[in-house]
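# Inside the fold
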Amino acid sequence: MGYNLTIDQGNSSAKVAVWHDETMIYDSVKRDLSASDIAEITSLYPINAAIYCSVAQNGDAILAELQNRCGKVYELTSTLPTPITIDYRTPQSLGRDRIAAAVGAWTMCRGKWTLVVDLGTAITYDVVSPDGRFIGGNIAPGVEMRLEALHRHTARLPRVKTTGDCPLWGYDTETALRSGAINGIIGELHHYRDSLSNDTIVVLTGGSAEIIASRLDFPTKLERHLVTKGLNSILIYNENK
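The following paragraphs examine the structure supplied in this document. Since this is a predicted model, take the numbers as computed values, not measurements. (Residues numbered from 1 in each chain as written. Predicted model: local features only at pLDDT ≥ 70, side-chain atom pairs only at ≥ 80, totals over all residues. Heavy atoms only, no water.)

Below, the discussion takes up the overall build of the protein. Along the protein, the regular secondary structure elements total 7 helices and 11 strands. Whereas a compact globule of 241 residues would reach a radius of gyration of roughly 18 Å, the protein reaches 19 Å, a difference of no more than 12%. The C-alpha extent of the protein, read off along each of the three principal axes, is 60 × 40 × 30 Å. Within the protein, the proportion of its 241 residues that are buried is 46%. Nonlocal contacts in the protein, meaning residues at least 24 apart in sequence, comprise 53% of its contacts between residues at least 6 apart. Surface summary for the protein: the accessible area is close to 12,200 Å², and the carbon and sulfur share equals 47%. Charged side chains of the protein number 23 positive and 27 negative; the gap between the two group centres comes to 2 Å. (Helix = DSSP H or I, 4+ residues; strand = E, 2+ residues; numbered from the N terminus. Rg over C-alpha atoms; globule rule 2.2 N^0.38 Å. Buried < 20%, exposed > 50% of the residue type's maximum accessible area, 1.4 Å probe, protein only. Contact = heavy atoms within 4.5 Å. Areas by Shrake-Rupley, 256 points an atom, 1.4 Å probe, with all protein chains shown as cover. Lys, Arg positive; Asp, Glu negative; His and termini not counted. Charge placed at Lys NZ, Arg CZ, Asp CG, Glu CD.)

What follows is the structure in structure tokens.
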């Protein structure tokens, strides 16, 4: 039995997953992904095909190790075919993780307008049409970035945590900062959702997804593995071409 391997290399860690068809059977987060990590994973699972997605500049060593140990290796770039059509004017500048997340959301929500929200260090709001076209999207500061910016760029505002009381209106400086950051994002989400079709599906992922989802008054799909799910869909799509 052969498996698929997906690697989502971020700035500070890599999310690694092994799939049997569309079922994830292993996942791990590696702080410093190395060739020895690839060797260990591929010794446990016979990998038919792998896909590598990186926002970092240098992934040559990882790609070389994958090519040595896997049957077929794909790197997600703007030129790799995907199940959706990219209508972005500058596809080469579109974040690869955004492409993968959009594909992951589309596989979950075919036939519906989909708002894909990745709530990480930065927040990306991306729109996929019912027929699988990536329409475009926006980028905004995440919760932590908003709170850090308020602290760094003012003389007296403290750095507060994202966890804690978050009323509609802050009753002291701490809650005013936290509520301003979190409720501001909730307002953005409402605005973008309201601009789309009434039956638009909102898919959330990223480190702050649960914090935001718990405060929304409309249903969402929360998918922690959205990018890796999308990477596996792209890999399968190319394997079946």
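This paragraph deals with the environment of Thr90. Mapped onto the elements of the fold, Thr90 is located in the loop between strand S6 (85–86) and helix H3 (96–108). Between the C-alpha atoms of Thr90 and Ser78, which are 12 residues apart in sequence, the distance is 9.2 Å.

The strand order across the open sheet formed by 5 strands is S3-S2-S1-S4-S5, and the pairing between neighbours is mixed. Whereas interior strands pair on both sides, the edge strands pair on one side only; in this sheet they are strand S3 (23–30) and strand S5 (72–75). The sheet shows a mean angle of 15 degrees between the axes of neighbouring strands, direction not considered. Summarising the sheet, strand S1 (residues 3–9) and strand S4 (residues 47–54) pair through 7 bridges and their orientation is parallel. By the bridge assignment for S4, Asn4 is matched with Ala49. Taken strand by strand, helix H7 (residues 226–239) contacts S1, strand S2 (14–20), S3, S4 and S5, and its axis lies near 130 degrees from that of S1. (Pairing = 2+ DSSP bridges. Axes fitted to C-alpha atoms, helices over the stretch in contact; angles between N-to-C directions.)

Following the criterion strictly, the structure yields 0 disulfides and no others. Take Cys53: it sits in no disulfide, and the sulfur closest to it among the cysteines is that of Cys70, at 16 Å. For Cys70, a relative accessible area of 8% translates into the label buried. (Disulfide = S-S within 2.5 Å.)

To continue, consider H3. Across its 13 residues, H3 extends 19 Å between first and last C-alpha, which sits within 8% of the 18 Å expected from 1.5 Å per residue. Looking at H3, one finds that the buried residues are Arg98, Ile99, Ala100, Ala101, Ala102, Val103, Gly104, Ala105 and Trp106. Looking at the packing, one finds that the buried side of H3 touches S6, strand S7 (114–119), strand S8 (122–128), strand S9 (133–141), strand S10 (201–205) and H7. (Expected span 1.5 Å × (residues − 1).)

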